[in-house]
Amino acid sequence: VTKLVLLVEDNATDEKLAVRALARSGVAHSLVIVRDGAEALDYLFATGTHAQRDNALVPAVVLLDLQLPRIDGLEVLRRIRADHRTKHLPVVVLTASRRVEDIEKCYALGGNAFVRKSVEFQDFLEAMKTIALFWLSLNEAP
Amino acid sequence: MRTAHDPGMRGRLDALGAWIAIVMVAVVLGLGIQSTIALVDNTGWIDHTHRVIEVIDDFEIHVSRIVAARRGFALTGDMAQSAKYKQSELGCALAILELRILTVDNPAQQRRLNELAPALASYITRWNAAFEYRQAHGFDAGREAVEVRYGTNAFADLSLRIDELTAEEKRLLATRELRTTHSLTQTRILEAVGAGFGLGLLAIVVIRLRREIRRRERSESALQASEVAVTQLNQELERRIDERTAQLKLSNDELEAFSYSLIHDLRAPLRGMGSFAAVLLDEQRDTLDDGAKDSLGEIQHNARKMAALIDALDAMSRITRCELARVDIDLNEVIGASTAKLGVVDVVLQAELRAVADRALVRSLIDILVDNSYKFTRDAPSPRIEAGDLQLDGERVLFIRDNGAGFDMAHYDKLFSPFGRLHTITEFPGTGIGLATARRIVQRHGGRIWADGHVGLGATFYFTLAARPK
């Protein structure tokens, strides 16, 4: 059974880059992409447009952008931690932000990691490969 | 020039008037008391004179009793008349004694009294002779007549002296009564004039004081009115300041949000461009010719440059946003850390260099200045960076000096402005906002930054990390 990655990303270019980088990581996975915070929550709690999803499909890791339409990344993180079904779900914040405040808020809300999206594609490839290796093969999900 | 309209001068005039009025009243009071004492004294003297006249009258009565007794005895030979005579003789003597005492201050009266005593004595002697004759020889009308006549002469002499005494006292009485009347009139005039003048002066002072009080009340109410106006003005100013502060805060917040999303939104497409150029170069390296690879390399290069620029702008905007945490910092250590990253360069430090400032910001500041110095000493034969402090007009100034390319002071105004360059980007590459960031950091600490440079001779950057001491 391949492990599931939930990618929360509104930017189509960033999405393509992430898909490409994950594909080149060499780690087997399946990928679900949602494009805003509300849809991410719908998927996780099987509500709204995702009400019919297969309950067995629980993500091994959520890659969460902070700047999202409708419900922003930090609010999504807060709601994930507030619900008993998802409170232990591994969440990696993947953002372009370099602000110390954002890092602090991320950890204060219970984020598991904070990774910056590098402008250098080579660096981004390395980062995604490390994330995939760690969260999909090394780490034991709850 | 002082005039009567001058409040100080006016006050002094009123005080002077009041004092004159008080002195006048005191003088009038003093003169009145003096005059009353004189009057009482004079009245005493009048009483005294009356008493003297009374005693003279007594004396005269006693003398006339002596005459009566003498005549009675001469006519009747009654010895009882003799006893009356003796009594009156004693009365006369007592009267003379009292008169002497009463007129002790009057030599003329004393002299008259001196003459009165022998006159009385001779009168009495005369009478005694007649008495003894009558006792020895019985009544002899002729002899009696002679004695009586003689006695009458002696009595006339005595009577004259008594009249003189009385006349003197009556003259004295008249004089004293006149003096009393005169003194009374004078006192009344003095009192009337003095009291009138004093009261007049007091009235003037009171009127002036009332006017002054009214004037002060007016100016006081004017002052109160102006105080109210000032308070209102202050409140209005405070309200406006609050309003402006709120507006400023709002626009700051807006600017902050704007720069945040600008930086974020600029990074995303940049990342796309750079990354897809990299993807092409990587995945299509076998099918692309050298020209295409070179172009893709240029895209990547420019994307990197723009990313660095955005990072620098983000860092600069962070300076004004962050909390300032002042701690004691070893600047030599910070400079050491900055220069350690660099290539071959001679670093000259002084023994001890410390500052109380925000550690993260000072680290950025030193990084910028050291990087700057390093960059411009690139072509120097023996690159050197020197750091230290010095006293300038009572203020501690830190400096970082290099022996690099320097700059032309003619373009100094561009040195610290964002994207202001004194060299072409190909000469010395950089984001162009390093020194603008440095200036923001020192300004955030309340300090200043300035520079001194000469083309080919290096540059010195001076800065302070605290407000200039007052």
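This text follows the structure it describes.
Residues numbered from 1 in each chain as written. Chains lettered and ligands numbered in written order. Predicted model: local features only at pLDDT ≥ 70, side-chain atom pairs only at ≥ 80, totals over all residues. Heavy atoms only, no water.

Asker: How do you make sense of the side chain of Ser118(A) when you look at a structure like this?
Answerer: Looking at where Ser118(A) falls in the secondary structure, it is placed in the loop between β5 (113-116) and α5 (121-138). A distance of 3.5 Å separates the side chain of Ser118(A) from the side chain of Asp123(A), its partner in a polar contact. The residues touching Ser118(A), leaving out its near neighbours within four places in the chain, are Asp123(A), Phe124(A) and Arg271(B). (Helix = DSSP H or I, 4+ residues; strand = E, 2+ residues; numbered from the N terminus. Polar contact = N/O pair within 3.5 Å; in protein donor to acceptor, adjacent residues only side chain to side chain. Contact = heavy atoms within 4.5 Å.)

Asker: Where do I start with the interface of chain B and chain A in this structure?
Answerer: Interfaces are frequently sized by the accessible area removed from exposure as the parts join. Opposite the 23 residues of chain B that make contact, chain A presents 19 residues. In total, about 2000 Å² of surface goes out of reach between chain B and chain A, with carbon and sulfur atoms giving 50% of it. Where chain B touches chain A, the interface holds five salt bridges. Taken together, the links from chain B to chain A amount to six residue pairs in polar contact (both at pLDDT 80 or more). Of all elements in the fold, only α4 (141-283) and α5 (290-321) of chain B reach the threshold of two or more residues within the side of chain B that touches chain A. Tallying contributions element by element places α4(B) first for the side of chain B that touches chain A, with 15 residues. (Buried area = accessible area lost by both parts, 1.4 Å probe. Salt bridge = Lys/Arg side-chain N within 4 Å of Asp/Glu carboxyl O.)

Asker: Sorry, what's going on with the nonpolar core here?
Answerer: Most often, soluble globular proteins have nonpolar side chains that are buried together. Residue and element names in this part refer to chain B. Counting 34 residues, the largest nonpolar core has Phe463 and Leu465 as the members making the most contacts within it. With seven residues, the single largest contributor to this core is helix α7 (residues 359-376). Sequence-distant contacts of Leu465, that is, excluding residues within four places in its chain, are made with Arg326, Ala355, Val356, Ala357, Val362, Leu365, Leu398, Val442 and His445. (Core = buried A, V, L, I, M, F, W, Y, C linked by side-chain atoms within 4.5 Å. Buried < 20%, exposed > 50% of the residue type's maximum accessible area, 1.4 Å probe, protein only.)

Asker: How should the sheet that holds strand β4 (residues 91-95) of chain A be read in this particular structure?
Answerer: Sheet strands pair via backbone hydrogen bonds, and the direction of the pair is either parallel or antiparallel. Residues and elements named next belong to chain A. Here we have five strands laid out as an open sheet, ordered β2-β1-β3-β4-β5, and parallel in their pairing. Of all the strands in the sheet, just β2 (29-34) and β5 have a single pairing partner and so form its edges. The average undirected angle you get between the axes of adjacent strands in this sheet is 20°. In the sheet, β4 pairs with β5 via four bridges, with the strands oriented parallel. Among the inter-strand pairings, Val93 is bridged to a residue of β5, identified as Phe114. Helix α2 (residues 37-45) contacts β1 (3-8), β2 and β3 (61-64) of the sheet and is inclined by roughly 130° relative to β2. Sitting on the sheet, helix α4 (residues 100-108) touches β4 and β5, and the angle it makes with β5 is about 150°. (Pairing = 2+ DSSP bridges. Axes fitted to C-alpha atoms, helices over the stretch in contact; angles between N-to-C directions.)

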